[in-house]
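For reference, the chains in residue letters:
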Amino acid sequence: MNLSEELDKIFEEANRLIGSSVDEADLDKNKNEYLGKKGKLTSVLKNLASLSIEEKKTVGQKANDLSKSLEEIVSKTRENLKTKGFKEQSEKEWFDVLRALGETEPGTLHPITKIQYEIEDIFTSMGFEIWDGPEVETDFNNFGALNFTDDHPARDMQDTFYLENGNLLRTHTSAIQVRALRKLKPPFKIIGPGRVFRYEEVDASHETSFYQIEGMVVGKDISAGNMLYTMEVLLSRVFEKEVKTRLRPGFFPFVEPAFELDINCQVCGGSGCSVCKQSGWLELMPCGLVHPNVFKLNGLDPKEWTGFAFGLGLDRLVMMKYGIHDIRYLHSGNLRFLKQF
Ligand code: PHE
């Protein structure tokens, strides 16, 4: 057999072997057997020295061509093995993401999340837009833009967690009304749900973190009557019955006049119990008409625009709706408690 015939034979063999590789490691081994430094094809070329110049040329050329073809066969085979490997793996390792997981129980929404979604639905049905803001806020967005001066005693109403860089954990979702006032062109109606933080002694009705929904309506000739009507629609839908309300004067630097909206106690219906401290009323929602300074501080003309704002405490609302007597349950992660919802 001359060299050229030997090459043909080796090529045949290599082609068959490489093509039958079962996986990539096998392929590498087979490739090495022919194309490696000590491979069969390479060693044939070592005998080239004994040939005439003419023969060297043709055989050398042929060997080059064959080794190129083999390289191509190797890379094709590699591609095929990859797809095949993936197919086999996915056939072996598939699982049904919809299959019930035996022992594991599905989760449920936290009652605060549930009531938040409910309230979002009620407000979006009245044309409100939902706004968001960060939990870490600037002092300006949380206080300054809401008409709290630097030495304003009202700052002490809300004991604040400050960060080292001068920012703070927002003490109320009113920071969201500031963001809306600065971004939106009136008239607008927004709500802004979110988590808020206060440096407070924890007890049955106080937590260092809780949830609020801010509401703000800005437009022409907005009155306290518009505000009260909106609140009543909201509350009768949340409690699924007509709810009695009353307004008492309140104080917040960003609304004037400021009110505290009370509802008749949902636990005793108004006749007096320990939850409402025998008064028949529960304090639910601070609110009021937007203070002219707040418009000014946020780039709007108070002669042109009017509005109302309110801040609804979600923890409070959940407690009333479900008759929960201790706010600490809400953030406890206690499954026995949470599974009831
Ligand atoms: N931001 C106030 C608080 O958390 C509540 C509030 C909101 C009062 C909007 C008036 C208007 O105490």
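Rules of the game
- Residues numbered from 1 in each chain as written.
- Predicted model: local features only at pLDDT ≥ 70, side-chain atom pairs only at ≥ 80, totals over all residues.
- Heavy atoms only, no water.
- Axes fitted to C-alpha atoms, helices over the stretch in contact; angles between N-to-C directions.
- Helix = DSSP H or I, 4+ residues; strand = E, 2+ residues; numbered from the N terminus.
- Parallel < 35°, antiparallel > 145°, perpendicular 65-115°, else oblique.
- Left-handed = near helix turned anticlockwise from the far one by under 90°.
- Contact = heavy atoms within 4.5 Å.
- Nonpolar A, V, L, I, M, F, W, Y, C, P; charged D, E, K, R; others polar.
- Salt bridge = Lys/Arg side-chain N within 4 Å of Asp/Glu carboxyl O.
- Buried < 20%, exposed > 50% of the residue type's maximum accessible area, 1.4 Å probe, protein only.
- Patch = residues over 30% accessible without salt bridge, like charges linked within 9 Å, V, L, I, M, F, W, Y side chains within 5 Å.
- Areas by Shrake-Rupley, 256 points an atom, 1.4 Å probe, with all protein chains shown as cover.
- UniProt positions renumbered as here; feature names shortened; annotations may be inferred.
- Polar contact = N/O pair within 3.5 Å; in protein donor to acceptor, adjacent residues only side chain to side chain.
- Core = buried A, V, L, I, M, F, W, Y, C linked by side-chain atoms within 4.5 Å.
- Near = heavy atom within 4 Å.

A. The packing of helix α5 (residues 111–125) against helix α8 (residues 224–238), seen in detail. Contact geometry of α5 with α8 gives a least axis separation of 10 Å together with a crossing angle of 135°. It follows that α5 is oblique to α8 by the angle criterion. Here α5 runs over α8; the crossing is right-handed. Seen from α5, the contacting residues are Ile-115, Glu-118, Ile-119, Ile-122, Phe-123 and Ser-125; seen from α8, they are Thr-230, Leu-234, Arg-237 and Val-238. Residue classes in the contact of α5 with α8 are distributed as 6 nonpolar, 2 polar and 2 charged.

B. The pattern of salt bridges, seen in detail. Taken as a whole and judged by the stated rule, the model has 15 salt bridges. With a closest N to O distance of 3.7 Å, Asp-26 and Lys-29 form a salt bridge. A residue pair is termed a helical-turn pair when its members lie 3 or 4 positions apart in one helix, as Asp-26 and Lys-29 do in helix α2 (residues 24–35) at 3 residues. Given the relative accessible area of 18%, Asp-26 is considered buried. In this structure, Asp-28 engages Arg-78 in a salt bridge whose closest nitrogen and oxygen atoms are separated by 2.9 Å. Placement of the pair is Asp-28 in helix α2 and Arg-78 in helix α4 (residues 53–93), with a sequence separation of 50 residues. A relative accessible area of 40% places Asp-28 in the partly exposed class. Through salt bridges with shared partners, a single ionic network connects Arg-246, Arg-248, Asp-262 and Glu-283.

C. Structural view of a nonpolar patch on the surface. On the surface, Phe-95, Val-97 and Leu-98 cluster together into a nonpolar patch covering about 420 Å² of accessible area. Considering the arrangement of structural elements, one finds Leu-98 in the loop between α4 and α5.

D. Just the UniProt feature "binding site: Mg(2+)" (unreviewed entry) in the protein, in detail. In the numbering used here, UniProt assigns the feature "binding site: Mg(2+)" (unreviewed entry) to Glu-256. The topology assignment puts Glu-256 in strand β7 (residues 255–264). Aside from chain neighbours lying at most four places away, what touches Glu-256 is Leu-289 and His-291.

E. Local environment of the side chain of Glu-137. Note on placement: Glu-137 falls in strand β2 (residues 136–137). For Glu-137, a relative accessible area of 1% corresponds to the buried category. Polar side-chain contacts of Glu-137 include one of 2.6 Å to the side chain of Arg-179. Ignoring any residue separated from it by four or fewer positions in sequence, one finds Glu-137 in contact with Asn-167, Leu-168, Arg-170, Ala-175 and Arg-179.

F. Local environment of the nonpolar core. Counting 42 residues, the largest nonpolar core has Ile-119, Ile-263 and Met-285 as its most contacted members. Taken together, the elements giving at least two residues each to this core come down to α5, β5 (209–219), α8, β7, β8 (281–290), β9 (306–313), α10 (314–322) and α11 (335–338). Excluding its chain neighbours within four sequence positions, the residues that come into contact with Met-285 are Met-231, Leu-234, Leu-235, Phe-259, Glu-260, Leu-261, Phe-310, Gly-311 and Leu-312.

G. Spatial organisation of unusual backbone geometry. Cis geometry is adopted by the peptide bond preceding Pro-187, which originates at Pro-186 and carries an omega value of 0°. Residue placement: Pro-187 occurs in the loop between α7 (174–183) and β4 (188–197). In this model, Glu-256 is joined to Pro-257 through a cis peptide bond whose omega is -5°. Examined against the element boundaries, Pro-257 turns out to sit in strand β7. Even without glycine at this site, Gln-278 takes up a positive phi of about 65°. Structurally, the position occupied by Gln-278 is in the loop between β7 and β8.

H. Molecular detail of the site of the ligand. Taken together, 14 residues sit near the ligand, with His-172, Ser-174, Arg-198, Gln-212 and Phe-310 positioned nearest. Note that an oxygen atom of the ligand is positioned 2.9 Å from one of the side-chain N or O atoms of Arg-198. At 2.8 Å, a side-chain N or O of Gln-212 approaches an oxygen atom of the ligand. Contact with the protein chains removes 95% of the 320 Å² of surface that the ligand exposes when unbound. Only β5, β8 and β9 provide two or more residues apiece to the shell around the ligand.

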